[in-house]
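Structural overview
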Amino acid sequence: MRMTRREYMRNMALASASAAAASLVPGVLFAEEIEIFNQASVKWDKAPCRFCGVGCGLLIGVREGKAVAVKGDPESTVNHGLCCVKGYHSVMSIYGSDRLKHAYVRKNGKLEQVSVEEALDLVADKMKQTIAEHGKDSVSMYGSGQWTIPDGFVASKFMKGCIGTNNLEANARLCMASAVTGFMTSFGLDEPMGCYDDIEHSNVFVMWGNNMSEMHPVLFSRILNVRQRNPQAKIIDLSTRDTRTSKAADYHFLFTPQSDLAIANGICYEIVKNDWVNHEFVKKHTNFHSGKTQIGYGLEDKFAFTDKPEPMSFEQYKAFLEDYTPEKVEKISGVKADDIRFLAQVFADPKNKVSSFWCMGMNQHTRGTWINNLVYNIHLLLGKISTPGNNPFSLTGQPSACGTVREVGTLTHKLPHGEVSDPKAREMAAKIWNVPVERIDPKPSLHTVEMFRALDRGDLRFMWIQVTNPMVTMPKLNRYREATLKQDRFIVVSDIYQTPTTDIADVILPSAMWIEREGMYGNSERRTQHFNKMIDPPGEAISDTWQIIQVAKRLGFDKEFAYSDENHIEEIWAEYCQFHNSPKHAMAPYEVLKARPGVRWPFWNGKETRWRYNSADDPAAKKEGFDFYGKPEGRAWIWARPYEPPPENPDQDYPFWLNTGRVIEHWHSGSMTRRIPVLHQAVPEAYVEINPIDAKRMNIQNGELIEVTSRRGTIQIKTVINGRGRPPKGQVFIPFFDESYLINELTLDAFCPISKQPDYKKCAVKIIKIS
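These remarks concern the structure in this document. (Residues numbered from 1 in each chain as written. Predicted model: local features only at pLDDT ≥ 70, side-chain atom pairs only at ≥ 80, totals over all residues. Heavy atoms only, no water.)

Our next topic: the overall build of the chain. Looking only at helices and strands, one finds 29 helices and 29 strands in the chain. In terms of overall dimensions, the chain has a C-alpha envelope of 70 × 65 × 60 Å along the principal axes. Taking all 771 residues of the chain together, the buried fraction comes to 66%. Considering only contacts in the chain between residues 6 or more positions apart, those separated by 24 or more positions represent 73%. Carbon together with sulfur atoms contributes 50% to the accessible area of the chain, which is approximately 26,200 Å² in total. Across the chain, the mean location of the 94 positive side-chain charges is 2 Å away from that of the 92 negative side-chain charges. (Helix = DSSP H or I, 4+ residues; strand = E, 2+ residues; numbered from the N terminus. Buried < 20%, exposed > 50% of the residue type's maximum accessible area, 1.4 Å probe, protein only. Contact = heavy atoms within 4.5 Å. Areas by Shrake-Rupley, 256 points an atom, 1.4 Å probe, with all protein chains shown as cover. Lys, Arg positive; Asp, Glu negative; His and termini not counted. Charge placed at Lys NZ, Arg CZ, Asp CG, Glu CD.)

For the rest of this paragraph, the subject is the sheet that holds strand E17 (residues 507-510). The strand order across the open sheet formed by seven strands is E5-E4-E17-E16-E15-E6-E7, and the pairing between neighbours is mixed. Bordering the open sheet on either side are strand E5 (110-114) and strand E7 (168-170), each of which pairs with just one other strand. Within this sheet the neighbouring strands show an average axis-to-axis angle of 20 degrees, counted without direction. Direction of pairing for strand E6 (residues 139-143) relative to strand E15 (residues 462-466): parallel, over a ladder of four bridges. Considered in E15, the bridge of valine 139 is made with phenylalanine 462. Together, E6, E7 and E15 form the strand contacts of helix H6 (residues 149-163), whose direction differs from that of E6 by roughly 160 degrees. (Pairing = 2+ DSSP bridges. Axes fitted to C-alpha atoms, helices over the stretch in contact; angles between N-to-C directions.)

Here we take up the nonpolar core. In terms of nonpolar packing, the biggest core is built from 91 residues, with Phe187, Trp208 and Tyr317 touching the most fellow members. When residues of this core are assigned to domains, at least three map to each of domain 3 (109-175 + 402-562) and domain 4 (178-398). Not counting chain neighbours up to four residues away, the residues in contact with tryptophan 208 comprise Leu238, Asp260, Ile263, Ala264, Ile267, Phe347, Ser356, Phe357, Trp358, Met362, Val375 and Ile378. Within the second largest apolar cluster, 61 residues are counted, among which are Phe462, Trp464, Leu509 and Ile548. (Core = buried A, V, L, I, M, F, W, Y, C linked by side-chain atoms within 4.5 Å. Domains from an automatic or database assignment.)

Moving on, we get to the packing of aromatic side chains. Across all of its chains, the model carries 32 aromatic pairs by this definition. Ring centres of phenylalanine 187 and tyrosine 613 lie 6.1 Å apart, and the angle between their planes is 15 degrees; on these two criteria the pair is classed as stacked. Within this pair, whereas phenylalanine 187 is found in helix H7 (residues 177-187), its partner tyrosine 613 is found in the loop between strand E22 (607-608) and strand E23 (636-640), the two being separated by 426 residues in sequence. With centroids separated by 5.9 Å and ring planes inclined at 80 degrees, the aromatic side chains of phenylalanine 303 and phenylalanine 751 adopt a geometry described as edge-to-face. In this pair, phenylalanine 303 is assigned in the loop between strand E11 (286-290) and strand E12 (310-312) and phenylalanine 751 in the loop between strand E28 (731-735) and strand E29 (763-769), connecting sequence segments 448 residues apart. The exposure class of phenylalanine 303 is buried, given its relative accessible area of 14%. Of the aromatic side chains, those joined through ring pairs into one cluster are Phe183, Phe187, Phe281, Trp358, Tyr376, Tyr613, Phe626, Phe628 and Tyr629. For arginine 241, the ring lying beneath its charged end belongs to phenylalanine 733, and the centroid distance is 3.5 Å. Lying over the aromatic face of tryptophan 637, lysine 631 brings its terminal NZ or CZ to 3.5 Å of the ring centre. (Phe/Tyr/Trp six-rings, centres within 6.5 Å; stacked < 30°, edge-to-face > 60°. Lys NZ or Arg CZ within 6 Å of the ring centre and 35° of its normal.)

Moving on: H6. Its 15 residues place the ends of H6 20 Å apart at the C-alpha level, agreeing with the 21 Å of an ideal helix rising 1.5 Å per residue. Among the 15 residues in H6, 15 count as buried, and that is most of the element. Phi turns positive, to about 90 degrees, at glycine 164, one or two residues after H6. (Expected span 1.5 Å × (residues − 1).)

Before going further, it helps to examine helix H10 (residues 217-229). Its 13 residues place the ends of H10 18 Å apart at the C-alpha level, agreeing with the 18 Å of an ideal helix rising 1.5 Å per residue. Buried residues of H10: Pro217, Val218, Leu219, Phe220, Ser221, Arg222, Ile223 and Val226, and no others.

Note that E11 and E23 share five bridges and pair parallel. Note that in E23 the partner of phenylalanine 288 across the bridge is isoleucine 638. As paired elements, E11 and E12 share three bridges and run antiparallel to each other. Bridge pairing in E12 places serine 290 opposite glutamate 310.

Rendered as structure tokens:
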């Protein structure tokens, strides 16, 4: 069955299929075929883009059962008819010649094609057998921010409500968990208070380690439009490497990895010292707290941590900030003291409306929760929050990391409303799901890193992986790949293409992709977006939703999953909406979602909410002005969180920082975008960026093969010097989209003790020139 996938990529067999793909998908970039957009035979329908968390609205052109064209939806207020290069080519990802169309089962060490029915029977039998022999907590499911909302909802119902285990996680733990815990600890509720509309209301944009020009290019184009209209508007880039965003910025400040904690505290020091605090806002709407310090890094198995918030006064908080004078921060971060003062002045200037943006740089961080808290502190001290143009905003990297993982609650500690530890949340779930409340376990079990560690130890014996590629994306990858290959482990993988993760599977289920099935995504700004089934999936491929439903029924849960074939998405949506039937989080009805290019929640009395916690816009805000109703007394928390160093720093043996990330042409592990010929040919393989001074000192030339080694692994990879990005001296950068260069064999599985999100942005490596 296996097609020697790496050969397929390396020899660009995809390119040989490009002529056929181009005829199927001309898109707006194929000028010679632009007339397709005027052909009556092409039927258009709306869908959100599936290649990041922005949620750009697309119009998909379908002719004779094929998706043949893409254009931006001018009715979408997200992108106003624009797309990035991935969006314009998105439907090409459906038509790779090695698309999985059938199920496979490993027999005598080899994958053999079987019917989907036989494969589903085996999955159900193996789950039942594993539970009988090892208990309900020996099975697990690992999903994705690419799951649709219905996918995630039935997964949660199946695992938590029916099986009775909290061993349900999703890959958004690797990218968004610190955003969640940051919101929860500061505001008591998850997800942003602002929305994309803030961009047009702001005149200062601060990028906290976010290469927005490549990772969220459509939103960045909106920022550039604001600056073009308003010469006083400014873009400030705080980063650990020079990027395309840095080049577009008005001000760029390079800082030492991890020292963003000190920078944020230094800004707050200056705000307090100069009495720029909005005292009326702070007195009415905030409280001050401290938590535990020296909290560890999660490097050991079964690591456990519980924070202990303690109230503090404003004067105590002021004393805490004395450790973060601009001069002290300069020593930690490398950012000049005068630049720290400048940043504080920009934030505090009453004429400025400031939007802070971040993504993986702050969230993939061993103190990810803390740095989220500290950026909120800046906005709260100034009262620049929950108003048009003044907001902190954590961007997402997957189309439904918010809608499916964070809102539905496909993490071990979560339910669709509340947490498993909350008796009322369990009672609500039991009633809506029609299951005994005793079946829902009140204790969270395994977060993602610990889930794979448990697989290695043997505490887990069965794992069902859907819509994600952990054999490329898990940190400290060698350990976890070896765990999946142990003799008594059983791995099920649902996907659309062969990947390093299907390589280790015992069962492969072929999934329907995106517009081959109906579904909903939820984007970064609390916008739920519906899309119809537009084309048929190939072969026997079926949706992930239906796969889960069929296995659940085989295990005896027919009553709980009595959805109809034709209308199961509408029925699931109606069931899910029961969890959020209040002004705090009400979802738009199915008919409204179908009619619009997305609706932001809370949707109450026929109106969507743009600015939460602001009584002028939020139906749940009952106090005049601002009501942070997620916290007791309706007050947000300002946290005293110190700078603490990372667990691994460059030293004499491993003198370079390693930073990992993405490029605009490819998305995550590249399993889809590398099958789009235009994108694959633009960036056909990964590379290592090295500073030209380091390269000269080591006599390394552009394009030369070098060896990059950490304490965990080694790869050989070609260099890029003075490319699109440039790391500072003593740092290298490698994107992770290319399965031929498994950079996560080098990374460290340290994580934020509060969010349990790993840090992919900093570990120590050495470089060896290959003669």
